[in-house]
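Working through the structure, step by step
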Amino acid sequence: MRLERRDTPSRRAALLAPVAAIAGTLVVASLLVAWAGAPVAQAYWLLLEGGFGSRFAITETLTRATPLILTGLAAAVAFRARLYNIGAEGQLYLGALAAVAVGGLHGGSGWAAPVWLLFPAMLAAAALAGALLLLGPALMKSRLGVDEVVTTLLLNFIVLLFVGAMLDGPMKDPAAMGWPQSVALQEPLQLDRLVERSRVHSGLPAALLAALLLWALLKFTTHGFEIRAVGANARAAAFAGMPVGWVTVKVALLSGALAGLAGAIEVAGRAGYVTLDMSPGYGYSGIVIAMLAALHPLGVVAAAVFVAGILVGADSLSRAVGVPTYIADVIVATALIAVLVATLFTQYRVRWAGSR
Amino acid sequence: MPADHPPPPVLRLKGITKRFGPLLANDGISLELDRGEVLALLGENGAGKSTLVAILFGHYVADAGSVEVDGRTLPPGQPRAALDAGVGMVHQHFTLADNLSVLDNVMLGTESLWWPFSRRDAGRRRLLELGMRFGLAVDPLARVASLSVGERQRVEILKALYRGARVLILDEPTAVLTPQESDTLFATLRQMVAAGLAIIFISHKLDEVLRVSHRIAVLRGGRLVAVLPTAGADKPLLAEAMVGRSVEMPRRAAAPARQGAPACELRAATVLSREHGRGRPLLDAVDLQVQAGEIVAVAGVSGNGQAVLADLLCGQVALDGGSLRVADRPLPARPRAFVHAGVARIPEDRHAVGVVGDLALWENAVLERYHRPAYARFGVMKRRQAMAAAQALVERFDVRGTEAAGVHTVTRRLSGGNMQKLILGRALMAGREFGATPPLIVANQPTWGLDVGAVAYVHQQLLDAAAGGSGVLLISEDLEEVFALADRIAVMHRGRLGEPRPARAWTLASIGLAMAGGGQRQAAATAVARS
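Residues numbered from 1 in each chain as written. Chains lettered and ligands numbered in written order. Predicted model: local features only at pLDDT ≥ 70, side-chain atom pairs only at ≥ 80, totals over all residues.

1. Concerning the overall build of chain B
Our working definition: Helix and strand definitions follow DSSP, with helices as H or I runs of at least four residues and strands as E runs of at least two, each counted in order from the N terminus. Two things to know: the radius of gyration comes from C-alpha atoms, and the globule rule equals 2.2 Å times the number of residues to the power 0.38. To sort residues by burial, count the other C-beta atoms lying within 10 Å of each one's C-beta; a count of 20 or more means buried, 12 or fewer means exposed, and anything in between means partly exposed. C-beta atoms are built from the backbone. Remark: residues whose backbone-derived C-beta atoms lie within 7 Å of one another are considered to be in contact.
What chain B contains, in helices and strands, is 18 helices and 23 strands. In terms of overall size, chain B behaves like a compact globule, its C-alpha atoms giving a radius of gyration of 25 Å where 531 residues would be expected to give roughly 24 Å. Looking at chain B as a whole, 46% of its 531 residues are labelled buried. Put simply, of all contacts in chain B between residues at least 6 apart along the chain, 68% involve residues at least 24 apart.

2. Describing helix α17 (residues 508-515) of chain B
Think of an α-helix as turning once every 3.6 residues; residues three or four places apart then point the same way. All names here are of chain B. The following threshold applies: This arc describes the spread of directions from the helix axis toward the C-beta atoms.
Along α17, the positions that sit buried rather than exposed are I511, G512, A514 and M515. The buried residues of α17 occupy an angular sector of 160° when projected down its axis, which confines them to one face. One or two steps after α17, the chain reaches G517, where phi turns positive at roughly 95°.

3. A closer look at the packing of helix α4 (residues 88-103) of chain A against helix α6 (residues 148-168) of chain A
All names here are of chain A. Where we set the bar: Lines fitted to C-alpha atoms define the axes, with helix axes restricted to the stretch in contact, and inter-axis angles between N-to-C directions lie between 0 and 180 degrees. In these notes the angle categories are as follows: under 35 degrees is roughly parallel, over 145 is roughly antiparallel, 65 to 115 is roughly perpendicular, and the rest is oblique. Each crossing gets its handedness from the near helix: less than a right angle anticlockwise from the far helix is left-handed, clockwise is right-handed. Under the scheme applied, nonpolar residues are Ala, Val, Leu, Ile, Met, Phe, Trp, Tyr, Cys and Pro; charged residues are Asp, Glu, Lys and Arg; polar residues are all the others, including Gly.
Across the interface, α4 lies against α6 with an axial gap of 8 Å and an inter-helix angle of 25°. What the angle tells us is that α4 and α6 run roughly parallel. With respect to the hand of their crossing, α4 and α6 are arranged in left-handed fashion. In this structure, α4 uses E89, G90, Y93, L94 and L97 to contact α6, whose residues at the interface are L155, N156, V159, L160, V163 and M166. Of the residues assigned to the contact of α4 with α6, the class counts are eight nonpolar, two polar and one charged.

4. Things to note about helix α15 (residues 452-467) of chain B
Residues and elements named next belong to chain B. Just so we agree on the cut-off: Helices are assigned an expected span. That span is 1.5 Å times one less than the residue count.
In a regular helix each residue adds 1.5 Å, so 16 residues correspond to 22 Å; α15 covers 22 Å between its end C-alpha atoms and thus fits that length. Within α15 the residues assigned to the buried category are A454, V455, V458, H459, Q461, L462, A465 and A466. One side of α15 carries all its buried residues, which in axial view fall inside an arc of 155°. Just downstream of α15 lies G469, where phi reads positive at about 110°.

5. A short note on the pairing of strand β13 (residues 295-299) of chain B
All names here are of chain B. Here is the rule we go by: Here, strands pair whenever DSSP counts at least two bridges between them.
Within β13, five of the five residues are buried, which leaves it mostly tucked inside the rest of the structure. Covered by surrounding structure in β13 are I295, A297 and A299 together with V296 and V298, the residues of both alternating faces. As judged from the four bridges shared by β13 and strand β20 (residues 471-475), these two strands associate in the parallel manner. Looking at β20, one finds that V296 is bridged to L473.

6. Side note on the domain arrangement of chain B
Residue and element names in this part refer to chain B. Cut-off, in case you're wondering: An automatic or database domain assignment supplies the start and end points of every domain.
Structurally, chain B comprises domain 1 (11-243), domain 2 (255-343 + 438-531) and domain 3 (349-436). The C-alpha-based centres of domain 1 and domain 2 are spaced at 34 Å. On the domain 2 side, the residues contacting the nine residues of domain 1 number 11 residues. When grouped by side-chain class, the residues that make up the side of domain 1 that touches domain 2 number four nonpolar, four polar and one charged.

7. A word on the interface of chain A and chain B
Chain A puts 24 residues into the contact, and the matching count from chain B is 33 residues. At the level of elements, α8 (222-232) and α9 (234-240) of chain A are the ones that each hand at least two residues to the side of chain A that touches chain B. Grouping the constituent residues of the side of chain A that touches chain B by class yields 10 nonpolar, seven polar and seven charged.

8. Thoughts on the sheet that holds strand β2 (residues 23-33) of chain B
Residues and elements named next belong to chain B. Sheet architecture is open: four strands sit in the order β2-β1-β4-β5, paired in antiparallel fashion. One side of each edge strand has no neighbouring strand; the edge strands of this open sheet are β2 and β5 (72-73). In the sheet, strand β1 (residues 11-20) pairs with β2 via seven bridges, with the strands oriented antiparallel. Residue pairing for β2: R19 is matched across the bridge by L24.

9. Describing the sheet that holds strand β7 (residues 167-171) of chain B
Residue and element names in this part refer to chain B. Read from one edge of the open sheet, six strands run β6-β7-β8-β3-β9-β10, paired in mixed fashion. Two strands bound the open sheet, and with one partner strand each, they are β6 (87-90) and β10 (223-229). Neighbour to neighbour, the strand axes of the sheet diverge by 20° on average, direction disregarded. Inspection of the sheet shows β6 paired to β7 by four bridges, in the parallel sense. Bridge pairing in β7 places V87 opposite V167. Strands β3 (38-42), β9 (215-220) and β10 of the sheet are contacted by helix α8 (residues 235-243), whose axis makes an angle of about 30° with β9.

10. Re the environment of I265 of chain A
All names here are of chain A. For I265, the location among the structural elements is in helix α10 (residues 244-269). Overall, the presence of 28 C-beta atoms within 10 Å leaves I265 in the buried class. Sequence spacing of I265 and L92 is 173 residues, and the spatial spacing of their C-alpha atoms is 9.7 Å. Discounting residues that sit within four places of it in the chain, I265 has contacts with T66, P67, L70, G203 and A206.

11. As for the packing of helix α4 (residues 120-134) of chain B against helix α5 (residues 149-162) of chain B
All names here are of chain B. Running from N to C, α4 and α5 point in directions that differ by 110°, and their axes come no closer than 10 Å. When the interaxial angle is binned, α4 and α5 end up roughly perpendicular. Remark: the crossing between α4 and α5 carries right-handed chirality. Across from R126, L127, L130, G131 and F134 in α4, the residues of α5 making contact are L158, L161 and Y162. Taken together, the residues of the contact of α4 with α5 break down into six nonpolar, one polar and one charged.

This is the structure in structure tokens:
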């Protein structure tokens, strides 16, 4: 068999692709569910109910979706410009650490600045930390041609070790009974609950606003035009006079800032302090979400809610019928592959050798 | 008395049909090829030549129809089977490993991987024997990297012959050759058909086809519109069959040379290779003046520094020595500086460099100017103004294929000719924004791969621009184009530019000699003699 490029992408295939992708994902996942000895239909029902089926489920899903929207946006904007930022995880942790450094209860009280000053300063510090962390790889890419996939990926491990050292050292909370966790943020800096008796916090509207702003930036501004042109064809953009290296740097600062903000908002909206397990791979999931959303900022919101729902649903599924929570990772990963393959088929068709 | 059976044709295509979406690339094409014959496959770009050959060679599977070699049907979609049946292909872009020897390249893939030893001696003898037989002399132990383009093509042909090809397909084989090298190739082809091979010669150059072939098959819009013996054909007949109508090609009327300010002036311009530190010069002390209202053509075999010259005049590379002035001003080596100086730039590769294929037509129309006050304020694009400008460009430059989506058409979907009109329009309109006429137009291979109608359009635009006072630098490997448009012609060889001389002073023979480096040696010799 071989693949042939379609002359024009098929509209029917474009409509069928997502449906087929979901169906394929369900089939693959159901094999694993059956292997784990659980009834398949009931398992899917529990997954759906656990993710979206109750007030509690929905608020939990939205809480999880908040950092995922921001890391998804970080990946989407970078990938649009062909800057493959795999380092959102590290940028998130460094952003969280910077937030606590500015707004934490150091020496029992923290800095005595007014909240209206300290809160923006906290967010700015987090954004700056994430942005600067990505600046190095971006400069190395545009100046020396160093592959940013390698540098950003490896920086994740360096940052995690650095955060570990800080949590066991200068930023360690003396009241944590030996646990490696940071001092807490000052009470007024922590985000408000959006819904009573839930964990949804005001970081969610902030993330939605970020998605909207990024969409407008890409669509309506000269910066967005440059990002899209450089990403689609850097040689042609350079020939036309676009400052390709500078665009890469701008995108890096934006992407890193979004991931850093994700860290600050997660800290301020959830625990209030940094631990080494505060992110179950939000940075990496952001890449999957960006791909699922076809790098569209508004699509990122939908994809993040979908992935968060699967993660939350899988928790309740595992409590109910004993299917390991890893099923969530399998479903999300399979969905990504299925969507990529389905997109391929909107552009190519299969030819079987020997067939007429 | 038994019926007189003629031998079956060595190759027979029966009703080949191939569809790509709504496009019928091949429509029921039937053709036969006999031993000892050169069949020319003539057609414009997009006529279906490449698709037909790809099916013949097993790269594509036809929707209908079959391929027979010596009366036996080939299994579809298997290049291996085509090779085994004796079909050999010489691609336009060579498929050789530069760092290996000629012998290694030829033997590559012909030996069983299970046998531990390579039979190089036998291979070498066979290669030398083939070379003697067909007049394809190449040193088997030479590294391919050290060979000239003409020699590399010989290696490609030897590769096919070594594998026992009896049907040889040559895809645009003269595109990379000088006229003299083409003559050598034609002599070789005659020897090969005399020895009983059959050859399919793909081209869109009428002169060559008339010289080398026995029969001519003309494709147009995926259909076989004519198969005729070469003896009874002539150029106007073929051109009309190819295009479907008669096309008037614009020509340069003798224009008075204006002595104004030069549109562009290069003095001892030198650009060095960036590989391995600073190495050999890519442009070697080039002197060139283009006057306003004048068309100067730079001819030469591909890869002799024309691309660097074009990059230099588009702001893509910086000088390592010498000077560059456009409209009497020095310019920094940044594309945007050239755009602002009003230089209209038409790059060689329209898909990779000319446009961003995934963006909409209107976005490509303002790609050089999106940041100007006319199209943006405070970083927000004035989309309506940009789209209106694009619409004006579409109408003024007759860009087709935008009926469905207008200026929102994805640029990748445009045909080559319409894409070139878009680039031409963008370049000329950008130039106008900064002055009445663009002072300089740099056109690098502006009609490469375009069909006859689009070629005529582009030529007319360049002629009009020159008549309007722009200086035009035309870089082209197509000598017909060079002679049709240029007031003065200079030839480039190994990074050196010969002295531009009036077009009338050149002949096809003298230009071919200069392209092979001969003219310059002569000039150098005279210079030495004079001093």
